[in-house]
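Examining the three-dimensional arrangement
Listed below, chain by chain, are the residues.
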Amino acid sequence: MQTNLADFIRGTPDGDTADATLRKCVHCGFCTATCPTYQLLGDELDGPRGRIYLIKQMLEGAAVTEKTQRHLDRCLTCRSCETTCPSGVEYHRLADIGRAVAAARVARPLGTRFLRFALREGLTRAWLFGPAYRLGQFFCPLLPASLKAKLLPRKKSVAAARRTHPRRMLMLAGCVQPAMAPNINAATARVLDRLGIATIEAEGAGCCGAVRLHLDDHAGARADARRNIDAWWPHLSAGAEAIVVTASGCGAHVRDYAHLLAHDPAYAAKAARVTLLARDIAEVLAGEQAALAALLRKSVPATRRKVAFHSPCSLQHGMRVRGAVESLLQAAGFELTPVADAHLCCGSAGTYSVLQPELSLKLRDNKLACLSAGAPAAVASANIGCIAHLQSGTSTPVSHWIELLDQRLES
Ligand code: SF4
Ligand code: SF4
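The following paragraphs examine the structure supplied in this document. Computed from a prediction, not measured in an experiment: that's the story for all the values here. Each chain carries its own residue numbering, running from 1 in the direction its sequence is written. Going through the entries in the order they are written, you letter the chains from A and number the ligands from 1. Local features are withheld for residues below a pLDDT of 70 in this predicted model, meaning they are given only at 70 or higher, and side-chain atom pairs are given and counted only at 80 or more; totals for whole chains, interfaces and linings count all residues. With hydrogens and water excluded, all non-hydrogen atoms of the structure serve as input to the side-chain values.

The geometry of an aromatic ring pair comes down to the distance between the two centres and the angle between the two planes. Classification of ring pairs rests on two measures: the distance between centres of Phe, Tyr or Trp rings, Trp counted by its six-membered ring, which must be within 6.5 Å, and the angle between planes, read as stacked under 30 degrees, edge-to-face over 60 and tilted in between. Taken as a whole and assessed by the stated rule, the structure comprises 3 aromatic pairs. Between the aromatic rings of W232 and Y257, the centroid separation amounts to 6.4 Å while the plane-to-plane angle is 25 degrees, which identifies the pairing as stacked. Of this pair, W232 sits in helix 13 (residues 218-237) while Y257 sits in helix 15 (residues 257-260), and the two are 25 residues apart along the sequence. We call a residue buried when its accessible area falls under 20% of the maximum for its residue type, exposed when it is over 50%, and partly exposed in between, using a 1.4 Å probe and counting protein chains only. We classify W232 as buried; its relative accessible area is 0%. Note on conventions: DSSP H or I runs of at least 4 residues are helices, E runs of at least 2 residues are strands, and numbering of each starts at the N terminus.

Now the structure itself:
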């Protein structure tokens, strides 16, 4: 696609990224068919090709309107369009740039601004979010149904892994997951411990920065990335093999650190290394299959439990990890039920479920209908946002797949 970027962005890092991305798009429209918001709304401007066109116009100097912003805000950043695109268009980079430009030109209503501020500042600080979440769990019966639905049921804690091993991996704690589902990282540490790998949650690391980026705070997202790199670097220098991430939304974002800090002379090389070492736990275990199979042979499950797996968009489209979790669960003796439209988003999408509740709930209900078709005893996923969002619409237990594997190894 020909481009003629306006002076305000031409020659800047964002301008160069946008220009390269736009030029790859041949406007074929293949991506439209797999876009969840296009499927729901049937409007070209609520699909990737239409949004790319809107962003192009904006970056070429056209006026930005509330309508432009609305179509961009309705995008889930699920990246399903990237998987479909035959030209390799990295749509999410363009969407981030387009949204930031629109945000700078169009003032959102006061209530929306406050909500976005509260999400940006509240979700990204574990010390603030944790106590607030526990308070919410304590007063759960008194809360309105809309808030109650956002809380996960409390689970019995699993014991932490405490052994040391020569092999070590860093593990991202993140911002909301430690309060919402502390067992996910505990289960991961236990599984890796059985395989002779110790895990370290580095002091000083925190939110990956995805929340800030998606709420148009690009400088804040870069600051989060730098803080994490500073916290991880001494451990990486001391031989930590990888950075294990158990929330694929965070994993996909950490994989983008190289791009995010490419123009920061002090951090570009470190960010590139972090990008190379960031792994979803499924990727780590896929590399330890022989040892894992030996562990699994030591015990046989009494029954084959039926599980429906929801692969988060950030895992399948963002990190391009496809089939690994399914293989691991099957190897562990679980029976996976078929799930139609597995490429489509569940509607969680970071803060999307709060900012676009109507579309988000439609997508959730469509996803739950697909997941429940095979009458599973449990639903498994790989991202805390998807887990909480799906659980809000079903009584079938929803958990991270690593928790199921940990329980299986315990049997
Ligand atoms: S499939 Fe790719 S090249 Fe075709 S319109 Fe979509 S983004 Fe552009
Ligand atoms: S990221 Fe998802 S919602 Fe956004 S345009 Fe692409 S497919 Fe559609």
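As a further point, take the sheet that holds strand 6 (residues 335-336). Being paired, for any two strands, means DSSP has found at least two bridges between them. The sheet built from 4 strands is open, its strands ordered 6-5-7-8 with parallel pairing. Looking at strand neighbours, the two that pair on one side only are strand 6 and strand 8 (398-400), the edges of this open sheet. Note that strand 5 (residues 306-309) and strand 6 share 2 bridges and pair parallel. Each residue of the ladder has a partner; that of V307, found in strand 6, is L336. Against the sheet, helix 23 (residues 384-391) touches strand 7 (378-381) and strand 8, its axis set at about 170 degrees to strand 8. We call two residues in contact when some of their heavy atoms are within 4.5 Å. Orientation is described by lines fitted to C-alpha atoms, with helices fitted over the stretch in contact, and by angles between N-to-C directions that extend from 0 to 180 degrees.

Below, the discussion takes up the site of ligand 2. We call a residue near a molecule or strand whenever a single non-hydrogen atom of that residue lies within 4 Å of it. Near ligand 2 you find 13 residues, and of these C35, R51, C75, C78 and C81 are the closest. When contributions to the shell around ligand 2 are tallied by element, the ones reaching two or more residues are helix 2 (36-41), helix 3 (48-59) and helix 5 (80-84). Partitioned by chemical class, the residues of the shell around ligand 2 number 8 nonpolar, 3 polar and 2 charged. The classification used treats Ala, Val, Leu, Ile, Met, Phe, Trp, Tyr, Cys and Pro as nonpolar, Asp, Glu, Lys and Arg as charged, and all other residues, Gly among them, as polar.

Helices are assigned an expected span. That span is 1.5 Å times one less than the residue count. End to end, helix 22 (residues 357-372) covers 22 Å across 16 residues, agreeing with the expected 22 Å (1.5 Å per residue, within 8%). What helix 22 keeps buried is the set L359, S360, L363, R364, K367, L368, C370 and L371. Projected down its long axis, helix 22 carries its buried residues within an arc of 165 degrees, all on one side. Tucked into the core, helix 22 has its buried residues touching helix 2, strand 5, helix 21 (352-355), strand 7 and helix 23. Each direction from the helix axis to a C-beta atom contributes to the arc, which is the arc of those directions.

Quick look at the pairing of strand 7 now. Burial of the side chains of strand 7 extends over both faces: A378 and A380 are buried on one face and V379 and S381 on the other. Relative to strand 7, strand 5 runs parallel, the two sharing 3 bridges. Its bridge partner lying in strand 7, A308 is registered against V379. Bridge analysis of strand 7 against strand 8 gives 3 bridges, and the strand direction is parallel. Each bridged residue has a counterpart across the sheet, and for S381 the counterpart in strand 8 is H400. Consider the strands pointing away from the viewer: the crossover is right-handed when the path from the first strand over the helix to the second runs clockwise. For the handedness criterion, the β-α-β arrangement of strand 7, helix 23 and strand 8 is classed as right-handed.

Here we take up the packing of helix 3 against helix 4 (residues 66-73). It is the contact of helix 3 with helix 4, at a shortest axis distance of 10 Å, that shows an interaxial angle of 135 degrees. Taken together, the axes of helix 3 and helix 4 lie oblique to each other. Handedness of the helix 3/helix 4 crossing: left-handed. Of helix 4, the residues touching helix 3 (which contributes R51, L54, I55 and M58) are T68, H71 and L72. Residues belonging to the contact of helix 3 with helix 4 are distributed by class as follows: 4 nonpolar, 2 polar and 1 charged. Throughout, the term roughly parallel applies to angles under 35 degrees, roughly antiparallel to angles over 145, roughly perpendicular to angles from 65 to 115, and oblique to all others. Left-handed describes a crossing in which the near helix is turned anticlockwise from the far one by less than a right angle; the clockwise case is right-handed.

Glancing now at the site of ligand 1. As a structural note, the neighbourhood of ligand 1 is formed by C25, V26, H27, C28, G29, F30, C31, I52, C85, P86, S87 and V89. In terms of residue class, the shell around ligand 1 is made up of 9 nonpolar, 3 polar and no charged.

This paragraph deals with the nonpolar core. By nonpolar core is meant a set of buried Ala, Val, Leu, Ile, Met, Phe, Trp, Tyr and Cys residues that side-chain atoms within 4.5 Å join together. In this structure, W232, Y257, L285, W401, I402 and L405 are the most contacted members of the largest nonpolar core, which totals 87 residues. The element contributing the most residues to this core is helix 13, with 6 residues. Counting residues in hydrophobic clusters, the runner-up holds 23 residues, among them L5, A18, C25 and V106.

So, on to the packing of helix 3 against helix 6 (residues 91-105). At a minimum axis separation of 10 Å, helix 3 and helix 6 run at an interaxial angle of 50 degrees. Between helix 3 and helix 6, the angle is such that the two are oblique. Of the two elements, helix 3 crosses helix 6, and the hand of that crossing is left-handed. Counting all contacts with helix 3, which are made through P48, R51, I52, I55, M58 and L59, the residues of helix 6 involved are Y91, L94, A95, I97, G98, V101 and A102. Taken together, the residues that form the contact of helix 3 with helix 6 break down as 11 nonpolar, 1 polar and 1 charged.

When you line up the elements, G61 lands in the loop between helix 3 and helix 4. C-alpha of G61 to C-alpha of L361: the two residues are 300 residues apart in sequence and 35 Å apart in space.

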